[in-house]
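# An overview of the molecular structure
Chain by chain, the residues:
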Amino acid sequence: MFKPDPNIPPTADASSCDPRHNVGSWISHWAATAGGRDALIFDGESYSYLEFEDQVARLAQALTDTGVETGDRVALLLDNHPAYLAAVFASARIGAISLPVNTRLAPAELEFILTDAEPRTILVDDRGAALIDAVAPKLGANRPTMVLVPRDQSAWRAALSAFEPLHENTPATPDDPMMLMYSSGTTGTPKGALL
């Protein structure tokens, strides 16, 4: 399992945490500052900062409902989709660590990363779900909870509408981990880099 280096001491204790340092607050800030402006455009459909904030807040609650807590990893095995970006901000909002996973990995590579990182939850589209199903027998009890992200935007919005928005940010310091990315593993097994 990936563990932080014990030889590197934390630079701040929990008493100095500030919710404004949490990357999860960026979208809520822009929703309050320029809510009607475009936050992103996908497949010809635009999302204002207010609309994107609503998605991030609802996804943060959905992740919490799957058992994700501060410090847990949330894997992202998705093709290009607004849910990818929403998941990065939603994970940060609850103090979880987003884990981007390349959809082009071979099953053995995917198995290694999921076994090493031990994500609590994994967001997948149809193709990602098939990849997880291919390696599921080898993951055993370490298989993360799958959250299926529909490609269709209206279906994605409908899925999120089942959750109440979570607008509160977990207090964080600038040194708290936010993302775990794995190297390509060209000279050995992939190495996790905690950002």
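What counts and how
Residues numbered from 1 in each chain as written. Predicted model: local features only at pLDDT ≥ 70, side-chain atom pairs only at ≥ 80, totals over all residues. Heavy atoms only, no water. Helix = DSSP H or I, 4+ residues; strand = E, 2+ residues; numbered from the N terminus. Buried < 20%, exposed > 50% of the residue type's maximum accessible area, 1.4 Å probe, protein only. Contact = heavy atoms within 4.5 Å. Areas by Shrake-Rupley, 256 points an atom, 1.4 Å probe, with all protein chains shown as cover. pLDDT = per-residue confidence, 0-100. Pairing = 2+ DSSP bridges. Right-handed = clockwise from strand over helix to strand, strands pointing away. Salt bridge = Lys/Arg side-chain N within 4 Å of Asp/Glu carboxyl O. Core = buried A, V, L, I, M, F, W, Y, C linked by side-chain atoms within 4.5 Å. Axes fitted to C-alpha atoms, helices over the stretch in contact; angles between N-to-C directions.

### A look at the overall build of the protein
Regarding its fold elements, the protein presents 6 helices and 8 strands. Each helix and strand of the protein, placed in order from N terminus to C terminus, yields the pattern α-β-β-α-β-α-β-α-β-α-β-α-β-β. The proportion of buried residues among the 195 residues of the protein is 45%. Taking contacts inside the protein between residues at least 6 apart in sequence as the whole, the part at least 24 apart equals 73%. Working note: accessible area of the protein is about 10100 Å², and carbon and sulfur atoms make up 56% of it.

### Comments concerning the confidence of the model for the protein
Averaged over the protein, the pLDDT score is 89; the fraction of residues at 70 or greater is 90%. Every residue in residues 1-15 is under pLDDT 50, and counting partners more than four places away or in other chains gives 11 contacts.

### Things to note about the pairing of strand E6 (residues 145-148)
Bridge count for strand E5 (residues 121-124) against E6 is 4 bridges, and the pairing is parallel. The residue of E6 that forms the bridge with Val 124 is Leu 148. Taken together, E5, helix H5 (residues 126-139) and E6 form a β-α-β motif whose crossover is right-handed.

### Examining the pattern of salt bridges
For the coordinates displayed, the defined rule picks out 7 salt bridges. Linking Arg 157 and Glu 45 is a salt bridge whose minimum nitrogen-to-oxygen distance equals 2.5 Å. Residue Arg 157 is found in helix H6 (residues 153-160), and its partner Glu 45 is found in strand E2 (residues 45-48); the two are separated by 112 residues along the sequence. The class of Arg 157 is partly exposed, set by a relative accessible area of 31%.

### Thoughts on the nonpolar core
The biggest cluster of nonpolar side chains holds 30 residues, and the ones touching the most others in it are Phe 52, Leu 59, Leu 63, Val 74 and Leu 123. Elements with a contribution of two residues or more to this core: strand E1 (38-42), helix H2 (49-65), strand E3 (73-77), helix H3 (82-93) and H6. The element that contributes the greatest number of residues to this core is H3, accounting for 7 residues. Contact partners of Leu 123, with chain neighbours within four places excluded, come to Leu 59, Leu 63, Val 74, Ala 75, Leu 76, Leu 77, Leu 78, Ala 83, Ala 87, Val 147 and Val 149.

### Here's the deal with the sheet that holds E5
Spatial strand order, E4-E3-E5-E6: 4 strands in an open sheet with parallel pairing. In this open sheet, the two strands that pair with only one neighbour each are strand E4 (97-100) and E6. The mean inter-strand angle of the sheet, taken between neighbouring strand axes irrespective of direction, is 25°. The pairing of E3 with E5 spans 4 bridges and is parallel. Paired with Val 74 across the bridge in E5 is Thr 121.

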